[in-house]
Amino acid sequence: MSQVIISVRNLVKKYGQFEAVKGISFDVQEGEIFGLLGPNGAGKSTTLEIIETLREKTSGEVTVNGFNLDTDPNEIKKIIGVQLQTSGFYPGLNLLELVDLFAGLYNRSVDPRELLKSVNLEDKAKNKYKELSGGQKQRFSIATTLINQPKIIFLDEPTTGLDPQARRNLWDLVKHIRAQGTTVIITTHYMDEAEVLCDRIAIIDSGKIIAMDTPDKMIDALVATGFERPKEVKKANLEDVFINLTGHALRGE
Ligand code: ADP
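Presented here is an overview of the structure given in this document. (Residues numbered from 1 in each chain as written. Predicted model: local features only at pLDDT ≥ 70, side-chain atom pairs only at ≥ 80, totals over all residues. Heavy atoms only, no water.)

**Overview of unusual backbone geometry**
Here comes step 1: In the Ramachandran plot, glutamine 149 falls in the positive-phi region, its phi being about 45° despite a non-glycine side chain.
Here comes step 2: Relative to the elements of secondary structure, glutamine 149 occurs in the loop between helix H5 (134-145) and strand E7 (152-156).
Here comes step 3: The residue glutamate 157 is not glycine, and still its phi comes out positive at about 45°.
Here comes step 4: Among the secondary structure elements, glutamate 157 is positioned in the loop between E7 and helix H6 (164-179).
Here comes step 5: Under the relative-accessibility criterion, glutamate 157 is labelled partly exposed at 26%. (Helix = DSSP H or I, 4+ residues; strand = E, 2+ residues; numbered from the N terminus. Buried < 20%, exposed > 50% of the residue type's maximum accessible area, 1.4 Å probe, protein only.)

**Overview of the nonpolar core**
Here comes step 1: Leu95, Leu116 and Phe140 are the most contacted members of the largest nonpolar core, which has 37 residues in total.
Here comes step 2: Beyond its immediate chain neighbours, meaning those up to four positions away, leucine 116 contacts Leu95, Leu96, Val99, Leu121, Glu122, Ala125 and Phe140.
Here comes step 3: Formed by 25 residues, the second largest nonpolar core is a distinct cluster that contains Val21, Ala42, Val62 and Val64. (Core = buried A, V, L, I, M, F, W, Y, C linked by side-chain atoms within 4.5 Å. Contact = heavy atoms within 4.5 Å.)

**Let's talk about the sheet that holds strand E1 (residues 4-15)**
Here comes step 1: Read across the sheet, four strands follow the order E2-E1-E4-E5 without closing on themselves; strand pairing throughout is antiparallel. The open sheet has two free edges, formed respectively by strand E2 (18-29) and strand E5 (67-68), since each of these has just one partner strand.
Here comes step 2: Direction of pairing for strand E4 (residues 59-64) relative to E5: antiparallel, over a ladder of two bridges. Bridging across to E5, threonine 63 finds its partner in asparagine 68.
Here comes step 3: Contacts from helix H1 (residues 44-51) reach E1, E2 and E4 within the one sheet, and its direction differs from that of E1 by about 120°. (Pairing = 2+ DSSP bridges. Axes fitted to C-alpha atoms, helices over the stretch in contact; angles between N-to-C directions.)

See the structure below:
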């Protein structure tokens, strides 16, 4: 049995009178890829930012790797990696300079070239951030979450806006990071992505968790209610056509 690495109990967040998170509870197991899904405004970012120590909660209990959020936020900061929005990087610095900058912030010494290699960007070390493609920017921002060798990384919609090849490439990267023992918490609006990538998902709506299980069990549970897709499913979809025509190779790389 794996260990619980994040435990959230009865978490509540109010913005003034408005209750954005309404007493949610969930556990994340060490080494899993856990997806937090839900419509815009459901409370995903609020929940994650509370766990990441970036936002105050109203009430409830959060424990990360045994550290209590109320008493040991600095210990939590040391063992997590949080993905910045890609707009958060100085566009005119090259990748080596940016890695140095982040390593300095974390007070860590890293081998920048090794780090860039781990996300397949070693060829771009001397390129400025603004010269990267969308997929490369996402890979770089994931690299920066790894600088402090965290036990847990938080990825916020890492594949939004990417072409199908770059999305698949990022899935492989996330799986690779997990294979090294890192726990991954990810948000996405792409259900195919959640299905491929996540061991378990929680679906949150209007501040409440309305379902939590493996993708497979959730699908089985829906089918068991008698649900059927309205259209006959073809043996391929348009994405298959696209990948078949344009190949798996990354572009703009
Ligand atoms: P999600 O990440 O699922 O899109 P959020 O956690 O960003 O949802 O937002 C949940 C709800 O809380 C939304 O209704 C949003 O408008 C509200 N909200 C988020 N941040 C603030 C804030 N700083 N002040 C007031 N309301 C906020």
